[in-house]
Amino acid sequence: MNKEINRRTFLKGLAGSAAGVAAMNMMGGVATAKAETAAPAFEGKKQFAGAANVRKITDDLYYIGVNDRRIELFENVYPVPRGVSYNSYLLLDEKTVLFDTVDRTAIGPFFENLEFALGGRKLDYLIVNHMEPDHSSAIAQVVARYPEVTVLCTELAVSMMKQFHEIDINKHGYAVKEGMELNAGRHKLVFTMAPMVHWPEVMMTYDATDKILFSADAFGTFGALDGNLFADEVNFETEWLADARRYYTNIVGKYGPQVVSVLDKASGLDIATVCPLHGPVWRENIGWFIDKYVKWATYTPEETAVLVVYGSVYGGTENAAGILASQLSAAGMRNVKVLDVSKTHVSELIAESFRCSHIVFASMTYNMGIFTPMKNFLLDLQAHNLQNRGYALIENGSWAPAAGKQMKDILDTMPGMTQIGSTVTVRSTPNDENAEQLAALANEIVTVIAGTPMPLTEAAPVAAAPVTKWRCTVCGYVYEGETMPEDYKCPLCGVGPDKFEPVV
Ligand code: FEO
């Protein structure tokens with residue numbers, strides 16, 4: 001069935017629909033029905049010259065997002081050669097409901113899409129699942145263009161809205177809490193908090209009628225949509241997974257416990273469709289993608305694989321890394337990847353580290369320490385909370401090799417990181433003795449892998465550490481401190497310390 005729509009059929013379809021409004025209510029007593037008032041000044045008039053680019057997801061849900069292929073660096077950090085999509089959705093029920101907006105670079109086509117999809121109806125609700133500007137930059141303009149709109153977001157998003165847009169939420173909407181519902185007519189929308197996936201104010205919205213989860217950044221990916229809106233319309237595993245992994249691990253990778261908390265909540269929902277804020281919409285094989293998320297969020301390797309990352313100036317360390325890779329292959333290892341730390345963007349190194357079960361770090365000594373790009377990579381890995389990997393070390397130094405110990409010092413701060421074998425020390429270029437050491441190290445790595453059933457999280461012992469973080473079992477908020485104050489109340493959902501559990 002062709003689910004795409006064009007202007008004529010869309011408007012024809014709307015002609016018979018009721019623009020009348022059923023009573024709205026917010027269970028939980030926060031929001032009450034808004035009286036019908038005069039239509040916005042522009043209603044029924046076309047404001048934009050451009051044609052819309054809208055796709056139908058279900059009978060009354062429309063994709064009105066925008067692709068950005070001009071962007072070079074997402075968040076001014078991550079290269080996105082395939083661009084990125086800013087996803088936004090419009091539900092046309094008895095009430096019209098907009099789910100999130102777009103980045104400021106996409107505001108023009110976004111309003112073309114919104115106006116077209118509304119087909120002359122007014123906008124009743126804007127649900128802000130995430131306040132990061134790549135999704136919230138059009139909020140002020142939405143409020144200006146549709147002054148009757150009611151904005152719904154989390155408590156924390158209220159203050160952020162003032163910071164980014166100087167919007168007074170008290171005039172335009174409400175803060176919602178966990179489990180509150182919005183009746184849009186046929187659809188019942190339920191709000192669930194998702195702090196730190198990826199910012200603290202994040203929530204998700206579940207359409208309990210059509211079993212659709214509006215998942216904010218979760219289940220998103222880098223990459224513009226090439227017309228194929230649904231993940232089942234592309235070969236996601238070969239064409240998208242690497243970008244999805246790079247997106248998740250770099251953007252949300254640090255917040256594994258919070259993602260686990262949200263996945264736990266989502267496991268209680270019957271989900272037929274997932275509508276993320278970036279990348280394809282999921283309506284088939286969702287479990288396959290959720291399984292990836294479970295692995296990433298629990299720092300469990302996706303694959304039994306060895307990643308060899310080297311930092312080399314004159315080629316000696318590069319040669320040592322190459323010898324090790326060859327010896328790994330000779331010893332039977334089939335899933336080996338070698339990357340130059342100086343030429344590979346660190347976001348790809350982070351993603352590959354989440355994918356692989358074992359990592360070899362090979363660095364020459366520079367300024368009496370670790371080669372700068374390698375040090376930056378290690379610190380980024382540490383910042384992204386990577387855990388539970390076997391690792392091996394190669395250092396090089398023409399007169400005072402020092403990189404090995406310093407790399408180990410960083411890696412040993414990360415839970416569940418276990419060194420395999422001894423550090424191989426090269427002096428300028430690998431000699432015959434080094435070649436033997438590298439062959440022995442390759443054999444040790446392969447032996448450990450052969451005796452280590454996946455996942456490594458079950459195999460690698462993690463030293464008991466003092467508790468410094470506590471997670472709210474209701475909403476996932478994380479409190480930092482060695483003990484929970486007796487009178488503490490979760491700033492997101494309001495529960496007391498008895499509802500918090502230690503993060504280990
Ligand atoms: Fe796509 Fe956290 O913004």
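The shown structure was predicted, so the numbers you read here are calculated from the model rather than taken from an experiment. (Residues numbered from 1 in each chain as written. Predicted model: local features only at pLDDT ≥ 70, side-chain atom pairs only at ≥ 80, totals over all residues. Heavy atoms only, no water.)

Q: Just to check I follow, could you spell out the overall build of the protein for this structure?
A: Secondary structure assignment for the protein yields 16 helices and 27 strands. The buried share of the protein, reckoned over its 504 residues, is 54%. If you take every contact in the protein between residues at least 6 apart in sequence, the share linking residues at least 24 apart comes to 72%. Total accessible area computed for the protein in this model is approximately 21200 Å², and 51% of it derives from carbon and sulfur atoms. (Helix = DSSP H or I, 4+ residues; strand = E, 2+ residues; numbered from the N terminus. Buried < 20%, exposed > 50% of the residue type's maximum accessible area, 1.4 Å probe, protein only. Contact = heavy atoms within 4.5 Å. Areas by Shrake-Rupley, 256 points an atom, 1.4 Å probe, with all protein chains shown as cover.)

Q: Please explain helix H12 (residues 346-355) as it appears in this structure.
A: An α-helical turn contains 3.6 residues, so any two residues separated by three or four positions project in the same direction. For H12, the buried fraction is high: 8 of the 10 residues fall into the buried class. Taken together, the buried positions of H12 are Ser347, Leu349, Ile350, Ala351, Glu352, Ser353, Phe354 and Arg355.

Q: Would you take a moment to explain the environment of Val309 for this structure?
A: Mapped onto the elements, Val309 comes out in strand S18 (residues 303-311). Its relative accessible area of 0% is what places Val309 among the buried residues. Separated by 50 residues in sequence, Val309 and Ile359 have C-alpha atoms that sit 7.5 Å apart.

Q: It is not clear to me how the environment of Thr298 should be interpreted in this structure. Could you clarify?
A: Structurally, Thr298 is set in the loop between helix H10 (286-297) and S18. Residue classification places Thr298 among the partly exposed positions, given a relative accessible area of 31%.

Q: Looking at this structure, how should I read the pairing of strand S9 (residues 96-99)?
A: Where a strand is regular, its side chains alternate between the two sheet faces. Both faces of S9 are covered, namely the face carrying Thr96 and Leu98 and the face carrying Val97 and Phe99. The pairing of strand S8 (residues 89-92) with S9 spans 4 bridges and is classified as antiparallel. Of the residues in S9, the one forming a bridge with Leu90 is Leu98. Turn length for the S8-S9 hairpin, with the two strands adjacent in sequence and antiparallel, is 3 residues. Two elements, S9 and strand S10 (residues 125-127), share 3 bridges in a ladder whose sense is parallel. Bridge assignment links Val97 to a residue of S10, and that residue is Tyr125. The parallel pair S9 and S10 is bridged by helix H2 (residues 107-118), and the resulting crossover is right-handed. (Pairing = 2+ DSSP bridges. Right-handed = clockwise from strand over helix to strand, strands pointing away.)

Q: Would you mind showing me how to read unusual backbone geometry here?
A: With the exception of glycine, the majority of residues adopt a negative phi angle, and the majority of peptide bonds are in the trans configuration. Note the cis peptide between Val197 and His198, where omega equals 25°. Topologically, His198 is positioned in the loop between strand S14 (188-193) and strand S15 (203-207). In the Ramachandran plot, Tyr299 falls in the positive-phi region, its phi being about 60° despite a non-glycine side chain. As for its position among the elements, Tyr299 is in the loop between H10 and S18. Judged by its relative accessible area of 3%, Tyr299 is buried.

Q: Explanation requested: a nonpolar patch on the surface in the structure shown.
A: A cluster of nonpolar side chains, contributed by Val313, Tyr314 and Tyr366, occupies part of the molecular surface with about 380 Å² of accessible area. Mapped onto the secondary structure, Tyr366 falls in strand S20 (residues 356-366). Judged by its relative accessible area of 37%, Tyr366 is partly exposed. (Patch = residues over 30% accessible without salt bridge, like charges linked within 9 Å, V, L, I, M, F, W, Y side chains within 5 Å. Salt bridge = Lys/Arg side-chain N within 4 Å of Asp/Glu carboxyl O.)

Q: Help me understand the pattern of salt bridges, please; the structure alone is not making it clear to me.
A: Tallying each qualifying case throughout the model produces 24 salt bridges. Across the salt bridge formed by Glu181 and Lys188, the nearest N and O atoms sit 3.7 Å from each other. The structure contains a network of salt bridges with shared partners spanning Arg55, Asp232, Glu233 and Arg283.

Q: Explain the packing of helix H8 (residues 241-251) against H10 here, please?
A: Any two packed helices are characterised by how steeply their axes cross, that is the angle between the axes, and by the distance between the axes. Where H8 contacts H10, the two axes come as close as 11 Å, and the packing angle between them is 40°. It follows from the interaxial angle that H8 and H10 lie oblique. Helix-helix and strand crossings are classified by hand; for H8 and H10 the assignment is right-handed. Contacts between H8 and H10 involve Leu241, Ala244, Arg245 and Tyr248 from the first element and Trp288, Phe289, Lys292, Tyr293, Trp296 and Ala297 from the second. Considering only residue class, the contact of H8 with H10 consists of 8 nonpolar, no polar and 2 charged. (Axes fitted to C-alpha atoms, helices over the stretch in contact; angles between N-to-C directions. Parallel < 35°, antiparallel > 145°, perpendicular 65-115°, else oblique. Left-handed = near helix turned anticlockwise from the far one by under 90°. Nonpolar A, V, L, I, M, F, W, Y, C, P; charged D, E, K, R; others polar.)

Q: What is the right way to read the pairing of S8 from this model?
A: The alternating pattern of S8 places Tyr89 and Leu91 on one face and Leu90 and Leu92 on the opposite face, and all of these are buried. Here strand S3 (residues 61-63) runs beside S8; their pairing, made up of 3 bridges, is antiparallel. Across the sheet, Tyr62 pairs through a bridge with Leu90, a residue of S8.

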